[in-house]
Amino acid sequence: MKALLSVGIYRDIQVCQDSWEAQKPPDCHVDLFYQRWFPEVEERPYDRIRAERIRAAEIAMAGGYDYLFEVSDDILLPLDALEVLIASRFPVISGLYRLHAENSGGEHLMCRIMNQDGPQDSNDRYITLDDIDPKDPIIRASQFDMGVLLLNKEALRLLAPAVGTEEEFISRMMYLKWAPLAHTGVRCGHVKENGKIVEV
């Protein structure tokens with residue numbers, strides 16, 4: 001069994017890199033694939049992120065990898081993140097982390113769940129720690145961010161063209177009638193521009 005851990009890097013955060021390189025699930029060989037990009041000289045950085053994700057999916061499929069593990073460059077993984085996500089045996093599953101407040105209006109957890117009767121304007125809302133059941137760590141989401149995302153071989157085959165953006169990816173998952181899932185036991189740190197680590 002082998003996995004490709006892919007990171008598009010524009011910031012060198014050693015503590016994060018150390019956490020990626022420490023991923024050693026039992027009976028699984030992990031290759032690291034880093035793509036560097038420079039947002040200060042690229043006019044459309046989101047196009048670059050999209051291209052990086054699609055390229056990683058292509059390499060994973062061409063290389064016969066069992067898993068593609070996509071991680072954002074400012075994510076600090078727990079030591080057993082990849083092991084736990086693989087053991088969940090879902091074709092697509094995300095870890096859990098907090099979003100940056102400047103991008104989301106608060107340091108929310110990175111997935112949303114349906115809550116039509118809630119006080120918010122939309123039919124869904126960000127999850128909170130109160131939504132997490134320690135006995136059942138898998139949350140069925142309405143949408144999620146793609147900063148810590150594991151795809152198995154089947155998911156790669158069906159979803160590879162849509163891995164570029166969250167909107168494309170979730171839309172394709174819905175078409176396939178696959179629920180976006182997050183493993184709340186894989187709690188990651190998210191490093192801010194000032195170096196502060198935001199924990200779940």
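See the structure shown above.
Residues numbered from 1 in each chain as written. Predicted model: local features only at pLDDT ≥ 70, side-chain atom pairs only at ≥ 80, totals over all residues. Heavy atoms only, no water.

## With respect to the environment of aspartate 27
Inference 1: Residue placement: aspartate 27 occurs in the loop between helix H1 (14–21) and strand E2 (29–36).
Inference 2: Spatially, the C-alpha atom of aspartate 27 lies 9.8 Å from that of glutamate 83, the residues being 56 residues apart in sequence. (Helix = DSSP H or I, 4+ residues; strand = E, 2+ residues; numbered from the N terminus.)

## Remarks on the pairing of strand E1 (residues 2–9)
Inference 1: The element E1 is largely enclosed, with a buried count of 7 among its 8 residues.
Inference 2: Bridge count for E1 against E2 is 8 bridges, and the pairing is parallel. Directly across from lysine 2, in E2, lies its bridge partner histidine 29.
Inference 3: Crossover connection from E1 via H1 to parallel E2: handedness right-handed. (Buried < 20%, exposed > 50% of the residue type's maximum accessible area, 1.4 Å probe, protein only. Pairing = 2+ DSSP bridges. Right-handed = clockwise from strand over helix to strand, strands pointing away.)

## Describing the side chain of glutamate 70
Inference 1: Tracing the backbone through its elements, the reader meets glutamate 70 in strand E3 (residues 67–72).
Inference 2: Arginine 53 provides the closest opposite charge to the buried, unpaired glutamate 70, separated from it by 4.8 Å.
Inference 3: Here serine 6 takes part through its side chain, which lies 3.4 Å from a polar atom of the side chain of glutamate 70.
Inference 4: Among all residues touching glutamate 70, those that are not within four sequence positions of it are Ser6, Glu52, Arg53, Ala56, Met146, Gly147, Val148 and Leu149. (Lys, Arg positive; Asp, Glu negative; His and termini not counted. Salt bridge = Lys/Arg side-chain N within 4 Å of Asp/Glu carboxyl O. Polar contact = N/O pair within 3.5 Å; in protein donor to acceptor, adjacent residues only side chain to side chain. Contact = heavy atoms within 4.5 Å.)

## Details of the sheet that holds E1
Strand pairing in a sheet relies on backbone hydrogen bonds, with the paired strands running either antiparallel or parallel.
Inference 1: With respect to topology, 7 strands assemble into an open sheet ordered E2-E1-E3-E10-E5-E11-E8, the strand pairing being mixed. The open sheet is flanked by E2 and strand E8 (138–140), the only strands paired with a single partner. Strand-to-strand twist in this sheet, taken as the mean axis angle between neighbours without regard to direction, amounts to 25 degrees.
Inference 2: The strands touched by helix H3 (residues 81–88) within the sheet are E1, E2, E3, strand E5 (92–96), strand E10 (148–152) and strand E11 (181–187), with E11 carrying the most contacts at an inclination of about 145 degrees. (Axes fitted to C-alpha atoms, helices over the stretch in contact; angles between N-to-C directions.)

## Re the packing of aromatic side chains
For any pair of aromatic rings, the description rests on two quantities: the centre-to-centre distance and the angle between the ring planes.
Inference 1: Within this structure, the stated rule accounts for 2 aromatic pairs.
Inference 2: Ring geometry for tryptophan 20 and tyrosine 34: centres 5.6 Å apart, planes at 65 degrees, overall edge-to-face. Of this pair, tryptophan 20 sits in helix H1 while tyrosine 34 sits in strand E2, and the two are 14 residues apart along the sequence.
Inference 3: Among the residues examined, tryptophan 20 registers a relative accessible area of 2% and is labelled buried.
Inference 4: For lysine 2, the ring lying beneath its charged end belongs to tyrosine 65, and the centroid distance is 4.6 Å.
Inference 5: Here the guanidinium or amino end of arginine 112 rests over the ring plane of tyrosine 126, the centre of that ring lying 4.6 Å away. (Phe/Tyr/Trp six-rings, centres within 6.5 Å; stacked < 30°, edge-to-face > 60°. Lys NZ or Arg CZ within 6 Å of the ring centre and 35° of its normal.)

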